[in-house]
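# An overview of the molecular structure
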Amino acid sequence: MRIDLHCHSTASDGTMSPEELVELAKEVDVQQLALTDHDCINGISRALEASKSCDLRLIPGVEISVTWQEMTIHILGLNVDWQNKDLCDGLDVIQQFRVTRAEGIAQGLETAGIEDALAGATALAGSALLSRTHFAQFLINEGKARKMQDVFKRYMVKGKPGYVPGDWASLENALQWIKNAGGIAAIAHPARYKMSAGKLRKLIEDFIDYGGQGLEIVSGSHTDKQNHGMANYARRYELYGSIGSDFHGEHHPWRKMGLTAGVPEGVQPIWECPQWESVYR
Ligand code: AMP
Ligand code: MN
Ligand code: MN
Ligand code: MN
């Protein structure tokens, strides 16, 4: 059975609509797909509607941006009641920060001689939640770089003109919203954070203290070696293991929907946890 519990639609920084994602999931034989847009649930009703005409189980999800020890960490909320008020109110606050941050990014880019980045990124985002990916796409269109990774490296990361420090949700609040919405939380792509093993252990321990239960072991943004490394953490801390491609469509074309790797031995798959049976529609 193919399961993919992490992907993005045009509601955040993916290039495919919720309906197109459902269509693709059918083509690549994914039976359970979680839509996990950054800090928003705006694509879920459309994805659920589209999934009704086929066997696909669409899992309502969200990828919440969190600031923990001055680092940005992504926490997946899976199988959430996506209309839950606590969750939606929390996401509203993050969305407001995205607007403020976008102004800061544009000001920073202006100091590097790049004009009108806010208008440009906003136009590219359309009705989507404004993200750094839209700024990156704007800079590519302006001829500042050819590839997404190059734009990030040159303009969007710490020490570069378009960098604005995160002021996202606290880990504790994000976990509370997910819990209140009946969902289960997983740390997204845990091997991707540039932190020491000790720091990662501390993150996992804080996450567990606040009620977190899952770890995204197999990720489209991990290497095989990292997948195995993260499985060790899941075993050690008895966390449920999740699998997700982190599919964004054309924005990260090398990530394909529907990973073939399963959850490694000795790790309990997150879709077998008791609360997975409650379906939010
Ligand atoms: P934001 O949540 O607006 O800060 O944007 C984060 C998104 O930017 C991530 O989810 C990725 O899709 C993308 N991103 C972050 N870092 C990079 C990078 N180095 N190269 C390409 N895309 C990146
Ligand atoms: Mn993204
Ligand atoms: Mn992420
Ligand atoms: Mn993601």
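Residues numbered from 1 in each chain as written. Chains lettered and ligands numbered in written order. Predicted model: local features only at pLDDT ≥ 70, side-chain atom pairs only at ≥ 80, totals over all residues. Heavy atoms only, no water.

This brings us to the overall build of the protein chain. Counting secondary structure elements, the protein chain contains 9 helices and 7 strands. For 281 residues, the compact-globule estimate of 2.2 N^0.38 gives 19 Å, and the C-alpha radius of gyration of the protein chain, at 18 Å, lies within 12% of that figure. In terms of overall dimensions, the protein chain has C-alpha extents of about 55 × 45 × 35 Å along its principal axes. Expressed as a percentage of contacts within the protein chain between residues at least 6 apart in sequence, the contacts between residues at least 24 apart total 73%. If you sum the accessible surface of the protein chain, you get close to 12,600 Å²; carbon and sulfur atoms cover 47% of it. The protein chain carries 28 positive and 36 negative side-chain charges, and their two centres are separated by 7 Å. (Helix = DSSP H or I, 4+ residues; strand = E, 2+ residues; numbered from the N terminus. Rg over C-alpha atoms; globule rule 2.2 N^0.38 Å. Contact = heavy atoms within 4.5 Å. Areas by Shrake-Rupley, 256 points an atom, 1.4 Å probe, with all protein chains shown as cover. Lys, Arg positive; Asp, Glu negative; His and termini not counted. Charge placed at Lys NZ, Arg CZ, Asp CG, Glu CD.)

A few words on the coordination of the manganese ion (ligand 4). The coordination sphere of the manganese ion (ligand 4) contains the protein donors His6 (NE2), His8 (NE2), Glu63 (OE) and Asp246 (OD), at a distance range of 2.1 to 2.2 Å. Among the residues examined, His8 registers a relative accessible area of 0% and is labelled buried. (Donors = N, O, S within 2.8 Å, 3.2 Å for Na, K, Ca; no water. Buried < 20%, exposed > 50% of the residue type's maximum accessible area, 1.4 Å probe, protein only.)

This part takes up the coordination of the manganese ion (ligand 2). Tetrahedral coordination by four donors puts the ideal angle at the metal at 109.5 degrees, and octahedral coordination by six puts it at 90 or 180 degrees. The coordination sphere of the manganese ion (ligand 2) contains the protein donors Asp13 (OD), His38 (NE2) and His248 (NE2), at a distance range of 2.1 to 2.2 Å. Taking the relative accessible area as the measure of exposure, Asp13 reaches 4% and is therefore buried. On the basis of relative accessibility, which here comes to 9%, the residue His38 falls in the buried class.

Turning our eyes to something else, we now look at helix H5 (residues 132-141). Burial runs high along H5: 7 of the 10 residues are buried. When H5 is considered as a whole, its buried residues turn out to be Thr133, His134, Phe135, Ala136, Phe138, Leu139 and Ile140. Buried residues belonging to H5 abut helix H3 (85-111), helix H4 (117-125) and helix H6 (148-156). Just downstream of H5 lies Gly143, where phi reads positive at about 80 degrees.

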